[in-house]
Amino acid sequence: MISKGSAGFAIALALGLAAPAEASEEGWDDAGTIAKNALVVAAFGVPAVQGDWDGLLQAGGSIGGTILITQGLKETFPSRRPDGSDNKSFPSGHTSTSFAAAATLHNRYGWEAGLPAYVVASFVGLSRVEARKHRVGDVLVGAAIGTATGHLITRKANDRVQIVPWGSTNGAGVDVTMRF
């Protein structure tokens, strides 16, 4: 079981690693992209490291399905980005992909993996608004699409596998335990 202090440290660590070095639109954009990519790597990497091929396939389905839905909506409902760069604002693809990865981790491995993933996914949504790539509504719809797709496609792993993030004043990490 994860302690409240460890959860708080893991969340602070995740946000600290993804926070933009400078508060410019480009800094927010870069930080959000890095955080999104980290979540996708985690959604595929955790099951791959564990040899959980069903989980790997489900992560692919969740993230792939989310991307298809999001891209379809972008083409169907063109919306000008706040920065004026194009007409692909609705819904947020970074946010939908991040929430699909977070929902996959949560649904497959429990709240211990899901809580930090949702915090990072929320940061991605914030970064898209701060970078002026999306409006709040674009981000909220992206979060809903990703969360719904992740929970609809991903099934809970058996209870023999647990992922527990931890942190202390000396370091941080993730423990993976398996019962045979």
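A.B. asks: Please clarify how the environment of G27 should be interpreted in this entry.
C.D. replies: Mapped onto the elements of the fold, G27 is located in helix α2 (residues 25–50). In this structure, the C-alpha to C-alpha distance between G27 and A131, residues 104 residues apart in sequence, is 7.7 Å.

A.B. asks: When you look at the nonpolar core in this model, what are you seeing that I'm missing?
C.D. replies: When a protein is soluble and globular, its nonpolar side chains tend to lie buried together. With 25 residues, the main nonpolar core has L39 and I63 as its most contacted residues. Contributions of two or more residues to this core are made by α2, α3 (53–76), α4 (93–109) and α5 (111–130). Discounting residues that sit within four places of it in the chain, L39 has contacts with S98, A101, A117, V120 and A121.

A.B. asks: Honestly, the packing of aromatic side chains in this entry has me stumped. Any pointers?
C.D. replies: Describing an aromatic ring pair means giving the distance of the ring centres and the angle of the ring planes. Overall, the coordinates contain three aromatic pairs when judged by the stated rule. When the centroid spacing of 5.9 Å and the interplanar angle of 35° are considered together, the rings of W28 and F123 count as tilted. Placement of the pair is W28 in helix α2 and F123 in helix α5, with a sequence separation of 95 residues. Assigned by exposure class, W28 and F123 land together as buried.

A.B. asks: Please explain the confidence of the model for the protein as it appears in this structure.
C.D. replies: Regions with low pLDDT carry predicted coordinates that are not meant to be interpreted in detail. Averaged over the protein, the pLDDT score is 85; the fraction of residues at 70 or greater is 78%. By mean pLDDT, helix α1 (residues 4–18) is the weakest element of the protein at 49, and α4 is the strongest at 96. Note on residues 1–9: pLDDT is under 50 here. Beyond four places in sequence and across chains, it has 14 contacts.

A.B. asks: In this structure, what is going on with α5? I would like to understand it.
C.D. replies: Because an α-helix packs 3.6 residues into every turn, residues spaced three or four apart end up facing the same way. In a regular helix each residue adds 1.5 Å, so 20 residues correspond to 28 Å; α5 covers 28 Å between its end C-alpha atoms and thus fits that length. Counting buried positions over the 20 residues of α5 gives 14, a clear majority of the element. A positive backbone phi angle near 60° is found at R132, which sits one or two residues after α5.

A.B. asks: Help me out: how do you make sense of the packing of α3 against α4 in this one?
C.D. replies: For any two helices packed against each other, one specifies the inter-axial angle together with the distance between the axes. Where α3 contacts α4, the two axes come as close as 9 Å, and the packing angle between them is 155°. Accordingly, the angle class assigned to the pair α3 and α4 is roughly antiparallel. Between α3 and α4 the crossing geometry is right-handed. Facing D54, G55, Q58, A59, S62, I63, T66, I67, T70 and K74 of α3, the residues of α4 in contact are G93, S96, T97, A100, A101, T104 and R108. Looking at the contact of α3 with α4, its residues break down into five nonpolar, nine polar and three charged.

A.B. asks: Just to check I follow, could you spell out the packing of α2 against α5 for this structure?
C.D. replies: Running from N to C, α2 and α5 point in directions that differ by 150°, and their axes come no closer than 8 Å. The orientation of α2 with respect to α5, classified from their angle, is roughly antiparallel. Both α2 and α5 take part in a crossing whose hand is left-handed. Across from E25, W28, D29, A31, G32, T33, A35, K36 and L39 in α2, the residues of α5 making contact are A117, V120, A121, F123, V124, L126, S127, R128 and E130. Grouping the constituent residues of the contact of α2 with α5 by class yields 10 nonpolar, three polar and five charged.

What counts and what doesn't
Residues numbered from 1 in each chain as written. Predicted model: local features only at pLDDT ≥ 70, side-chain atom pairs only at ≥ 80, totals over all residues. Heavy atoms only, no water. Helix = DSSP H or I, 4+ residues; strand = E, 2+ residues; numbered from the N terminus. Core = buried A, V, L, I, M, F, W, Y, C linked by side-chain atoms within 4.5 Å. Buried < 20%, exposed > 50% of the residue type's maximum accessible area, 1.4 Å probe, protein only. Contact = heavy atoms within 4.5 Å. Phe/Tyr/Trp six-rings, centres within 6.5 Å; stacked < 30°, edge-to-face > 60°. pLDDT = per-residue confidence, 0-100. Expected span 1.5 Å × (residues − 1). Axes fitted to C-alpha atoms, helices over the stretch in contact; angles between N-to-C directions. Parallel < 35°, antiparallel > 145°, perpendicular 65-115°, else oblique. Left-handed = near helix turned anticlockwise from the far one by under 90°. Nonpolar A, V, L, I, M, F, W, Y, C, P; charged D, E, K, R; others polar.

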